[in-house]
Amino acid sequence: MSDPEKASTLTTEIAEFLEHLEKERDLSPNTLAAYTRDLREFSTWLAATHGKAGWDWNELSRTSIRGYMAHLVRRGLAKRSIARQLSGVRSFYRWMHRDERVDVNPARAVGSPKLPRTLPAYLDRRQAETLLQHAATRAQSLEFTDVRNLAMLELFYSSGLRLSELRGIDLADLDLVTQQVKVRGKGRKERIVPLGDHAQRALRNYLVKRDAQLAKLGGVKAGRLARGAVFLSERGARISARAVQHAMVTLLDAVGEGADLTTHSLRHTFATHLVDAGADLRAVQELLGHASISTTQIYTHTSVDRLKKVYRQAHPRA
């Protein structure tokens, strides 16, 4: 929080709360950035509405926070974004209340907007097989990027990782003998997930290419190589989130499956295929790293919807 521009838009209390999140709760950089962005916007709105007189956190009421929610609605923010902003304000007030900086937490009494339950986009089994076969065919070129992209795709589908989890994997996290990998999910929580046979083979082939790429670059920019990271760019740095997204979306587009599908759809595909095959929902929750079983239950709806579609198409009295 030492950046002057950032400090000028954040109150002392918000800056201290963010420091608490960073140092004591060990949140991921992405989560911390979201809190910072949302709370900066909240304090900017408070400054605009209260003028030079300023405000006292103790004097803000439920009505004040509802006024901010109405401001976000007028700005055209989606319900999901508004719910996230309210969650950040609630967390901030909860911390201040625990720290006895305020007498009450007015944000507790403000209801979140009701979110529509949207089913995630995913690939069916035929589409997934077509996609994996296309990536495998490209990898036969033995080009570094094609071999790497196949390994990333197989890992996404085999283990249901989030993008941030995949790009954060280090060599020390990967065990190809026991076919498992340690990943760090939301809130830096670690979990062990299994690797399928296809993912194992793709990773073995990629690691050979990876070592050759590092050896080629070693004499040029040795000090800037990410030797510990599993997935690298052609320049030897840890692969960026944008590069992973571009690689996966390019593969999806190439087989005509790109509509409404993103890199995260591969995680949804992993979960949906497990639930379709009768996997225990608690086991799927653990594999995905979901804190709540309610988050995982979305995949039961996906499977039921698919079964209803089959029923309507096939049953004579549907």
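Residues numbered from 1 in each chain as written. Predicted model: local features only at pLDDT ≥ 70, side-chain atom pairs only at ≥ 80, totals over all residues. Heavy atoms only, no water.

Visitor: Just to check I follow, could you spell out empty space enclosed by the protein for this structure?
Guide: Considering all chains together, one arrives at one cavity of 30 Å³ or more under this definition. Lining the largest cavity, in full, are L123, A128, L131, L132, L153, Y157, L266 and T269. At the level of elements, α6 (125–139), α7 (144–159) and α11 (263–276) are the ones that each hand at least two residues to the lining of the largest cavity. In terms of residue count, the dominant contributor to the lining of the largest cavity is α6 (three residues). Tallied by class, the residues present in the lining of the largest cavity amount to seven nonpolar, one polar and no charged. (1 Å grid on protein atoms, 1.4 Å probe; cavity = no way out; pocket = protein on both sides within 12 Å on 5 of 7 lines; lining within 4 Å. Points joined across faces, edges and corners; volume = space filled by probe spheres on them. Helix = DSSP H or I, 4+ residues; strand = E, 2+ residues; numbered from the N terminus. Nonpolar A, V, L, I, M, F, W, Y, C, P; charged D, E, K, R; others polar.)

Visitor: Teacher, can you tell me more about helix α2 (residues 12–23) here?
Guide: Spacing of three or four residues puts side chains on the same side of an α-helix, whose turn is 3.6 residues. The end-to-end C-alpha separation of α2 is 16 Å, in line with the 16 Å expected for 12 residues at 1.5 Å each. Residues I14, F17, L18, H20 and L21 constitute the buried set of α2. Within α2, the buried residues cover an arc of 155 degrees as seen down the axis, which keeps them to one side. The outward face of α2, more than 90 degrees from its buried face, is lined by the exposed residues T12 and K23. (Expected span 1.5 Å × (residues − 1). Buried < 20%, exposed > 50% of the residue type's maximum accessible area, 1.4 Å probe, protein only. Arc of directions from axis to C-beta.)

Visitor: Please clarify how helix α12 (residues 281–288) should be interpreted in this entry.
Guide: Three or more residues of α12 are buried, namely L281, V284, Q285 and L288. Taken end-on, α12 shows its buried residues confined to a sector of 105 degrees, consistent with a single buried face. Looking at α12, the residues exposed on the side facing more than 90 degrees away from the buried face are R282 and E286. Put simply, D280 is the residue that caps the front of α12, since its side-chain oxygen is 3.1 Å from the backbone nitrogen of R282. Note on α12: the residue one or two positions beyond its end, G289, has a positive phi of about 80 degrees. (Polar contact = N/O pair within 3.5 Å; in protein donor to acceptor, adjacent residues only side chain to side chain.)

Visitor: Is there a simple way to explain the side chain of R148 in this structure?
Guide: Tracing the sequence through the fold places R148 in helix α7. Buried and unpaired, R148 has E234 as its nearest opposite-charge partner, separated by 6.3 Å. Looking at R148, its side chain comes within polar contact range of the main-chain oxygen of L232, at 3.0 Å. If we skip the residues at most four places from it in the chain, R148 touches Y206, F231, L232, S233, E234 and I239. (Lys, Arg positive; Asp, Glu negative; His and termini not counted. Salt bridge = Lys/Arg side-chain N within 4 Å of Asp/Glu carboxyl O. Contact = heavy atoms within 4.5 Å.)

Visitor: I tried to follow the pairing of strand β2 (residues 180–184) on my own but got confused; where do I start?
Guide: The side chains of a regular strand alternate between both faces of the sheet. On β2, burial follows the alternation: V181 and V183 on one face are buried, whereas Q180, K182 and R184 on the facing-out side are not. Here two bridges tie strand β1 (residues 174–175) to β2, and the two strands are oriented antiparallel to one another. Bridge pairing in β2 links D175 to Q180. Hairpin connection, β1 to β2: the antiparallel pair is bridged by four residues, and Q179 has positive phi, about 55 degrees. Relative to strand β3 (residues 190–194), β2 runs antiparallel, the two sharing five bridges. Note that in β3 the partner of V181 across the bridge is V193. (Pairing = 2+ DSSP bridges.)

Visitor: Just checking my understanding: could you explain the layout of surface pockets for this structure?
Guide: Considered as a void within the structure, the second largest pocket measures approximately 290 Å³ in volume. Along the wall of the second largest pocket there are 14 residues; nearest its centre are L132, E154, H198, A199 and R201. The set of elements that each furnish at least two residues to the lining of the second largest pocket consists of α6, α7 and α9 (197–221). Ranked by residues supplied to the lining of the second largest pocket, first place goes to α9 with five residues. Residues of the lining of the second largest pocket, tallied by class, amount to six nonpolar, five polar and three charged.

Visitor: Please explain unusual backbone geometry as it appears in this structure.
Guide: Comment: phi is negative for the bulk of residues other than glycine, and the bulk of peptide bonds are trans. Even without glycine at this site, L142 takes up a positive phi of about 65 degrees. Along the chain, L142 falls in the loop between α6 and α7. Under the relative-accessibility criterion, L142 is labelled exposed at 53%. In this structure, Q179 is a non-glycine residue whose phi angle is positive, near 55 degrees. Relative to the helices and strands, Q179 is located in the loop between β1 and β2.

Visitor: Just to check I follow, could you spell out the nonpolar core for this structure?
Guide: Grouped burial of nonpolar side chains is what soluble globular proteins tend to show. Core analysis: the biggest nonpolar cluster contains 44 residues, and Y206, F231 and M248 have the highest contact counts within it. Put simply, the parts of the chain that give this core at least two residues each are α6, α7, α8 (163–167), β2, α9 and α10 (241–254). Broken down by element, this core gets its largest block of residues, eight residues, from α7. Discounting residues that sit within four places of it in the chain, F231 has contacts with R148, A151, M152, L155, L166, L203, Y206, A237, R238 and I239. Listed in part, the 28 residues of the second largest apolar core include L21, L39, V89 and F92. (Core = buried A, V, L, I, M, F, W, Y, C linked by side-chain atoms within 4.5 Å.)

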